[in-house]
Amino acid sequence: MNAENFGSSERLVTAAYVRQGAQGRRAHELRLRALLEQGKCPEDGWDESTIELFLHELAIMDSNNFLGNCGVGEREGRVASGLVARRHYRLIHGIGRSGDISAVQPKAAGSSLLNKLTNSVVLDVIKLAGVRTVTNCFVVPMATGMSLTLCFLTLRHKRPKAKYIIWPRIDQKSCFKSMITAGFEPVVIENVLEGDELRTDIEAVEAKIKALGAENILCVHSTTSCFAPRVPDRLEELAVICANYDIPHIVNNAYGVQSSKCMHLIQQGARVGRIDAFVQSLDKNFMVPVGGAIIAGFNESFVQEISKMYPGNYWFVGPFHPCQITAESLVFSLLSHNIYFCQFNLYIGFGCFSFFFFFFFFFSGRASASPSLDVLITLLSLGASGYKQLLKERKEMFCYLSSELKKLADNHNERLLDTPHNPISLAMSLKNLDENNDAAVTQLGSMLFTRQVSGARVVPCGSVQTVNNYTFKGFMSHANDYPCAYLNAASAIGIKKQDVDVFLKRLDKCLKTSRKEAKKEKSVNEISNSNTGTEQLED
């Protein structure tokens with residue numbers, strides 16, 4: 001309804017009532033205008049009617065929703081199911097064009113505007129969360145691992161001689177596979193044990209750079225958010241090393257936006273040294289469905305280069321030596337694209353030269369708008385004040401979880417591991433269970449899961465895992481030989497006091513049950529050993 005239409009309405013309804021209705025609509029339009037002019041997250045959250053009005057206004061700007069549109073191309077935003085169309089608010093064309101995820105689509109002005117606004121609002125929220133000097137970011141419809149791969153592929157063109165990525169160890173498979181998928185060799189730097197914490201071995205990082213040669217290193221791949229007793233990397237020291245040796249620095253900030261400490265580390269690292277880009281998950285930080293990430297950085301042109309690297313005409317991956325090619329690495333790459341890339345045709349070319357293999361992936365150039373749509377709706381609903389309140393509540397729940405888990409640990413003759421540098425995750429020792437056997441430790445994890453406790457991780461000692469031909473000893477514990485088995489619990493965004501209380505109650509019951517079963521098994525073994533000894537004496 002515009003002014004002309006409201007004027008025509010006065011012939012049918014009393015003019016005073018129409019003017020009142022026009023004022024009501026005007027209130028919605030003022031919100032939309034502020035968003036378009038400022039490009040920032042509104043201080044107060046919007047109601048659903050305003051958000052839906054905005055999305056419908058965007059949708060009718062796309063050609064597939066034009067009343068007289070006649071489409072004769074191969075992609076015209078046709079959707080067979082009305083339910084699917086409504087699910088996406090009829091924003092069907094996706095985002096990006098010709099392999100540039102930030103490019104504007106001529107026949108999808110509404111979807112393009114959605115993309116630009118989402119990136120602008122998300123940038124504002126990243127600044128609000130603590131990285132105030134960030135200059136550019138974009139939402140990409142891929143999870144964190146593949147988004148890291150995109151960063152590495154962008155750096156390939158800048159450092160053609162590079163073969164290695166320096167990686168302080170973090171036992172999370174997708175981080176490791178992101179480097180393998182990009183065609184590089186991860187150089188794993190083992191952590192050092194300081195008290196209960198596993199911290200970055202800065203001396204080992206610098207020694208490895210000197211040994212390999214800075215020109216042969218693509219980047220340093222560091223981590224902020226992680227499971228205790230691993231703590232965030234020493235980002236400031238790593239950033240200084242990267243600046244001194246002129247080596248790029250990519251940070252995996254998967255669920256670090258929700259932590260002021262993680263964001264402060266990134267801000268400080270960029271201030272004193274070098275951080276080229278940092279990647280964070282949408283679902284872990286903004287409570288939206290899985291399938292999106294944010295790539296952000298301090299150099300606007302470099303972030304734009306990454307957005308243009310989004311697979312368009314082709315994506316070259318390689319070279320791989322035959323020993324590096326595993327079904328797992330190829331399936332990971334292909335499945336990732338099948339999941340996260342919208343409407344593409346895929347062709348795979350295999351080339352072989354001197355026993356090295358090259359892979360060429362050909363894609364169409366657009367991407368799904370679903371992650372952008374989800375996070376924009378969420379941030380408009382929450383507003384800046386709502387999101388800050390969630391961050392505040394998460395921090396309060398971390399303190400509460402820490403104090404209550406410590407009490408429970410003391411009651412069971414265990415202890416809460418001292419990991420003050422980890423602002424999200426906690427760890428409680430399981431020495432009493434570990435003294436019996438590893439099976440008792442893993443059984444505790446099963447007991448918690450069957451009692452509907454999700455997210456808790458039980459880590460036994462000595463687990464061995466091979467990922468892409470690299471063997472990790474003590475896998476999941478971020479170290480070859482951590483001193484004890486332990487249980488992880490995290491205070492992530494959205495957690496409530498009820499979640500903590502129910503978790504502690506169920507954990508307490510599971511530990512008591514495990515202790516009873518361990519005593520019973522010990523008693524049976526003692527009787528069995530006693531009988532065996534008696535029989536030997538009689539013989």
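Preceding this paragraph is the structure being described.
Procedures and definitions
- Residues numbered from 1 in each chain as written.
- Predicted model: local features only at pLDDT ≥ 70, side-chain atom pairs only at ≥ 80, totals over all residues.
- Heavy atoms only, no water.
- Helix = DSSP H or I, 4+ residues; strand = E, 2+ residues; numbered from the N terminus.
- Contact = heavy atoms within 4.5 Å.
- Areas by Shrake-Rupley, 256 points an atom, 1.4 Å probe, with all protein chains shown as cover.
- Axes fitted to C-alpha atoms, helices over the stretch in contact; angles between N-to-C directions.
- Left-handed = near helix turned anticlockwise from the far one by under 90°.
- Nonpolar A, V, L, I, M, F, W, Y, C, P; charged D, E, K, R; others polar.
- Buried < 20%, exposed > 50% of the residue type's maximum accessible area, 1.4 Å probe, protein only.
- Arc of directions from axis to C-beta.
- 1 Å grid on protein atoms, 1.4 Å probe; cavity = no way out; pocket = protein on both sides within 12 Å on 5 of 7 lines; lining within 4 Å.
- Points joined across faces, edges and corners; volume = space filled by probe spheres on them.
- Patch = residues over 30% accessible without salt bridge, like charges linked within 9 Å, V, L, I, M, F, W, Y side chains within 5 Å.
- Salt bridge = Lys/Arg side-chain N within 4 Å of Asp/Glu carboxyl O.
- Core = buried A, V, L, I, M, F, W, Y, C linked by side-chain atoms within 4.5 Å.
- Pairing = 2+ DSSP bridges.
- Phe/Tyr/Trp six-rings, centres within 6.5 Å; stacked < 30°, edge-to-face > 60°.

A.B. asks: Go over the overall build of the protein chain with me, naming the residues and quoting the values.
C.D. replies: Scanning the protein chain from N- to C-terminus turns up 17 helices and 17 strands. Looking at the protein chain alone, contacts between residues at least 24 apart form 72% of all its contacts between residues at least 6 apart. Surface accessibility of the protein chain: about 25,100 Å² in total, with carbon and sulfur atoms responsible for 53%.

A.B. asks: Tell me about the packing of helix H3 (residues 48–59) against helix H14 (residues 370–411), and name the residues and values.
C.D. replies: Running from N to C, H3 and H14 point in directions that differ by 145 degrees, and their axes come no closer than 10 Å. The handedness of the crossing between H3 and H14 comes out as right-handed. Here H3 contributes Ile 51, Phe 54 and Leu 55 to the contact with H14, which in turn contributes Leu 373, Leu 376, Ile 377, Leu 380 and Ser 381. A per-class count over the contact of H3 with H14 returns seven nonpolar, one polar and no charged.

A.B. asks: Hey, could you go over helix H9 (residues 235–245) for me, with residue numbers and the actual values?
C.D. replies: Buried within H9 we find Leu 235, Leu 238, Ala 239, Ile 241 and Cys 242. Along the long axis of H9, the arc covered by the buried residues comes to 160 degrees, so they all point the same way. In this structure, the buried side of H9 is in contact with helix H8 (202–212), strand E6 (217–223), strand E7 (249–252) and helix H10 (260–272). Following H9 by one or two positions, Asp 246 adopts a phi angle in the positive range, close to 55 degrees.

A.B. asks: How would you sum up the layout of surface pockets? Please name residues and give values.
C.D. replies: Gaps left between atoms are located by rolling a probe of water-molecule size over the structure's atoms. Looking at the largest pocket, its volume works out to about 970 Å³. Phe 227, Lys 284, Gly 455, Ala 490 and Ala 492 are, among the 46 residues lining the largest pocket, the residues nearest its centre. Of all the secondary structure elements, the ones that give two or more residues to the lining of the largest pocket are helix H6 (144–158), helix H7 (173–181), helix H11 (282–286), helix H13 (327–340), strand E17 (486–490) and helix H17 (497–538). Partitioned by chemical class, the residues of the lining of the largest pocket number 22 nonpolar, 19 polar and five charged.

A.B. asks: Provide a residue-level description of a nonpolar patch on the surface, including the pertinent values.
C.D. replies: A surface patch of nonpolar side chains, about 360 Å² in accessible area, is lined by Leu 12, Val 13 and Tyr 17. Overall, Tyr 17 belongs to the exposed group, its relative accessible area being 56%.

A.B. asks: I'd love a proper account of the nonpolar core, names of residues and values included.
C.D. replies: Counting residues in hydrophobic clusters, the biggest one holds 88 residues, and the most contacted among them are Phe 54, Ile 126, Val 140, Phe 152, Phe 278 and Phe 286. Top contributing element to this core by residue count: H14, with nine residues. Beyond its immediate stretch of four places on either side in the chain, Val 140 contacts Ile 101, Ser 147, Leu 150, Gly 291, Gly 292, Ala 293, Ile 295 and Tyr 310. Within the second largest apolar cluster, 28 residues are counted, among which are Leu 408, Leu 487, Ala 489 and Leu 511.

A.B. asks: Hey, could you go over the pattern of salt bridges for me, with residue numbers and the actual values?
C.D. replies: This model, assessed by the stated rule, comprises 20 salt bridges. Between Lys 158 and Glu 305 there is a salt bridge, with the nearest N and O atoms lying 3.2 Å from each other. Residue Lys 158 is found in helix H6, and its partner Glu 305 is found in helix H12 (residues 300–308); the two are separated by 147 residues along the sequence. A relative accessible area of 45% means that Lys 158 is categorised as partly exposed. We note a salt bridge from Arg 230 to Asp 233, for which the minimum N-O separation is 3.2 Å. With a relative accessible area of 0%, Arg 230 lands in the buried category. The exposure class assigned to Asp 233 is buried, which follows from its relative accessible area of 1%.

A.B. asks: Break down the sheet that holds E6 for me, with residues and values.
C.D. replies: What the seven strands build is an open sheet, ordered E1-E9-E8-E7-E6-E2-E3; its pairing is mixed. Among the strands making up the open sheet, the edge pair consists of strand E1 (136–140) and strand E3 (185–189). Looking at each pair of strands side by side, their axes are set apart by 20 degrees on average, direction ignored. Inspection of the sheet shows strand E2 (residues 164–168) paired to E6 by three bridges, in the parallel sense. Following the sheet pairing, Ile 166 is matched in E6 by Val 220.

A.B. asks: Describe the environment of Ile 165, listing the residues and the values that go with them.
C.D. replies: In this fold, Ile 165 is placed in strand E2. Remark: the alpha-carbon pair of Ile 165 and Pro 186, spanning 21 residues in sequence, is separated by 4.9 Å. Apart from residues no more than four positions distant in its own chain, Ile 165 is found in contact with Phe 152, Met 179, Phe 184, Glu 185, Pro 186, Val 187, Leu 218, Cys 219 and His 221.

A.B. asks: Describe empty space enclosed by the protein, listing the residues and the values that go with them.
C.D. replies: With the rule as written, the count across this model stands at three cavities of 30 Å³ or more. The calculated volume of the second largest cavity comes to roughly 50 Å³. For the second largest cavity, the full set of lining residues is Val 459, Pro 460, Cys 461, Gly 462, Gly 474, Ser 477, Asn 480, Asp 481, Tyr 482, Cys 484 and Tyr 486. Grouping the amino acids of the lining of the second largest cavity by side-chain chemistry returns six nonpolar, four polar and one charged.

A.B. asks: Tell me about the side chain of Thr 144, and please be specific about residues and values.
C.D. replies: Mapped onto the secondary structure, Thr 144 falls in helix H6. Among all residues touching Thr 144, those that are not within four sequence positions of it are Asn 252, Ala 254, Val 279, Gln 280, Ser 281 and Ala 293.

A.B. asks: Account for unusual backbone geometry, with residues named and values stated.
C.D. replies: Note the cis peptide between Ala 228 and Pro 229, where omega equals 10 degrees. Checked against the element boundaries, Pro 229 lands in the loop between E6 and H9. The backbone phi angle of Asp 246 is positive, close to 55 degrees, even though this residue is not glycine. Although it is not a glycine, Met 287 sits at a positive phi angle of roughly 55 degrees. Along the polypeptide, Met 287 turns up in the loop between H11 and strand E9 (293–297). Met 287 sits in the partly exposed class, given a relative accessible area of 42%.

A.B. asks: So what's going on with the packing of aromatic side chains? Residues and values would help.
C.D. replies: Within the structure shown, the criterion is met by eleven aromatic pairs. Ring geometry for Trp 167 versus Phe 472: centroids 6.3 Å apart, planes at 85 degrees, classification edge-to-face. Remark: Phe 472 occurs in strand E16 (residues 470–473) and Trp 167 occurs in strand E2; sequence separation between them is 305 residues. Residue classification places Trp 167 among the buried positions, given a relative accessible area of 1%. Judged by its relative accessible area of 2%, Phe 472 is buried.

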